[in-house]
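Survey of secondary and tertiary structure
Here's the letter readout for the chains.
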Amino acid sequence: MHEHTEEMSALADRIIRTARDRVELDPIPLEHPKTSDELDELCGETITPAGIGGDRALDLYNEVLSPASLSVDFTRYLSFVPAAPTEAAVLFDLIVGASSTYGGSWLEGAGSVWAENQALDWLRQVAGMPEGAGGVFVPGGTIGNLSAMVAARHDANERRGADRPARWAFLASKESHSSVKAACQVMDADVILVDTGDDRRMHGPEVAAALAEHGDRVCAVVATSGTTNLGLIDDLTSIADVCEEAGVWLHVDGAYGGAGLASERTRPLFDGLGRADSFIVDPHKWLFAPFDCCALLYKDPAKAQAIHAQHAGYLAFLDAYGDWNPSDFAIHLTRRVRGLPFWFSLATYGTDAYAAAVDATLDLTAAAAERIEAADHLELAHPPSLSVVAFRRKGWDGAQYQAWTEQAMAKGLAFVTPSRLDKQPIFRFCFVNPRTSTDEIDQILADMA
Ligand SMILES: Cc1ncc(COP(=O)(O)O)c(C=O)c1O
């Protein structure tokens, strides 16, 4: 199975052509999920003692499996947080897969890790974090948040010594992402939800009040720079003031919104971020990289290394070679050099092109908000922030929102799922794809009439 054959050469051509065709596909259709029973029926057994052969497996992928898997870069996929990876990033991902590079240590991955660190350093600079800050690319925001929160707890344990509480707690806003709660569950810690202001953002005074009440057992404050539902950025300056005064770790979850740092139009909204102890942003969301790619940065990476570095006789040689082993900065050991497609895309197009692409999505956001305000059947649920527009279809109940989504999917119009705000149904558009057009927004909104 490891010999190179003529047959494999022909299959390689087919695989690479399939990938290129997909990258160049325009327009991208909205696919439809199938049930497991339907897929059983259509594919039959695929894992057999003799194998079904690469050509048959590729046919099944092209004809059955791919059409049953949604493409997040479909231009009218506006639910959750979609993605729109660049051609350069996606094509380079093929090379990453082919390279067999181990990205956990400098000894094994030096060249690739250097390039990943260049991309991380650009993020550090636009975030305003000090020189010396650094980290690693992990699979996603959930692992990024967890890794940073583990580092924060370890730092608090070190400082408190025997005086540590029986159970630590994290402060986060009511609008924070579900992964913050999930991280607390994994860590057997509590999450204390801090009230937000009328603007639904977390501010320093509410954090200070929560610290006054629970401060003895709080090891970190988790602020959000771009909430998932509404795109809101917490008041990072006043929160950083409070954290510094109290000596508490500040983690900023910018998994979705951190990409707004790429544009000078939105960068000022992140003032205060440079003072965070840790920060995440997912290039696989709004920075045009393929899955799975979250950048995790620490102000003082040694604090993360102190808890995340794994030690064993068989690893000791790595410690002696080079001083930047990416596996030391999160909960992982073996890792794909998943930051490379992002690095390649940044290097190919330049950071100005990134700013322009983010600006294009901000323009779409403004255009959508304008149209919603002008339409009789719709109303904004909240002023838009970053690239999220949350709105209501006047007069519809939850079942009608659901029914509209299903029929819009069935006819290939759009993937726009309902969300909730104050327990009431809303629609939300999240724009991360510069190829979405205002005509497409018009089509979707007209269909809701
Ligand atoms: C603010 C925020 N944090 C964390 C996450 C989790 O990221 P991931 O899905 O990459 O684990 C998301 C996902 O949408 C998010 O919006």
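A short tour of the structure in this document, coming up.

About the thresholds
Residues numbered from 1 in each chain as written. Predicted model: local features only at pLDDT ≥ 70, side-chain atom pairs only at ≥ 80, totals over all residues. Helix = DSSP H or I, 4+ residues; strand = E, 2+ residues; numbered from the N terminus. Rg over C-alpha atoms; globule rule 2.2 N^0.38 Å. Buried ≥ 20, exposed ≤ 12 C-beta atoms within 10 Å, placed from the backbone. Contact = placed C-beta atoms within 7 Å. Pairing = 2+ DSSP bridges. Axes fitted to C-alpha atoms, helices over the stretch in contact; angles between N-to-C directions. Near = placed C-beta within 6 Å. Nonpolar A, V, L, I, M, F, W, Y, C, P; charged D, E, K, R; others polar. Parallel < 35°, antiparallel > 145°, perpendicular 65-115°, else oblique. Left-handed = near helix turned anticlockwise from the far one by under 90°.

**Structural notes on the overall build of the chain**
- Check the secondary structure of the chain and you find 16 helices and eleven strands.
- For the chain, the C-alpha radius of gyration of 23 Å lies close to 22 Å, the compact-globule estimate for 449 residues.
- Looking at the chain as a whole, 42% of its 449 residues qualify as buried.

**Digging into the environment of Ala 152**
- Considering the arrangement of structural elements, one finds Ala 152 in helix H6 (residues 141–160).
- A residue is classified by how many C-beta atoms lie within 10 Å of it, and Ala 152, with 27 of them, is buried.
- Sequence-wise, Ala 152 and Leu 250 are 98 residues apart; in three dimensions their C-alpha atoms are separated by 8.4 Å.
- When residues no more than four places from it in sequence are discounted, the contact partners of Ala 152 are Cys 219, Ala 220, Trp 249, His 251, Asp 277 and Ser 278.

**Regarding the sheet that holds strand E6 (residues 278–281)**
- With mixed pairing, seven strands are arranged side by side in an open sheet as E1-E7-E6-E5-E4-E2-E3. Strand pairing shows two members of the sheet lacking a second neighbour, strand E1 (134–138) and strand E3 (190–194), which therefore form its edges. Averaged over neighbouring strand pairs, the angle between their axes works out to 20° when direction is ignored.
- Two elements, E1 and strand E7 (residues 294–298), share five bridges in a ladder whose sense is antiparallel. Residue Val 136 lies in a different strand from E7, and its bridge partner there is Leu 296.
- Relative to E3, helix H8 (residues 204–214) is tilted by about 140°, and along the sheet it contacts strand E2 (169–173), E3 and strand E4 (218–224).

**Looking at the site of the ligand**
- Residues in contact with the ligand amount to 13 residues; listed here are only the nearest, Gly 140, Gly 141, Thr 142, His 177 and Ala 255.
- Here the residues of the shell around the ligand are counted per class, giving four nonpolar, seven polar and two charged.

**Topic: the sheet that holds strand E11 (residues 424–430)**
- Here we have four strands laid out as an open sheet, ordered E8-E9-E11-E10, and antiparallel in their pairing. Whereas interior strands pair on both sides, the edge strands pair on one side only; in this sheet they are strand E8 (378–380) and strand E10 (418–421). Ignoring which end each strand starts from, the neighbouring axes of this sheet average 45° apart.
- Two elements, E8 and strand E9 (residues 388–393), share three bridges in a ladder whose sense is antiparallel. Within E9, the position partnered with Leu 380 by the bridge is Phe 391.
- Each of E8, E9 and E11 touches helix H14 (residues 351–374); the most contacted strand, E9, lies at about 20° to it.

**Considerations on unusual backbone geometry**
- A cis geometry characterises the amide bond from Asp 26 onward to Pro 27, with omega recorded as 0°.
- Here Pro 27 is to be found in the loop between helix H1 (6–24) and helix H2 (36–43).
- With an omega of -5°, the peptide bond running from Phe 291 to Asp 292 counts as cis.
- Residue placement: Asp 292 occurs in the loop between helix H10 (283–286) and E7.

**Observations concerning the packing of H6 against helix H7 (residues 178–187)**
- Two elements in contact, H6 and H7, have axes whose closest approach is 9 Å; the angle formed by their N-to-C orientations is 50°. It follows from the interaxial angle that H6 and H7 lie oblique. Two packed elements cross with a definite hand, and for H6 against H7 that hand is right-handed. Residues Gly 141, Thr 142, Asn 145, Leu 146, Met 149, Val 150 and Arg 153 of H6 form the contact with H7, whose own contacting residues are Ser 179, Val 180, Ala 182, Ala 183, Val 186 and Met 187.
- Among the residues making up the contact of H6 with H7, the classes are represented as eight nonpolar, four polar and one charged.

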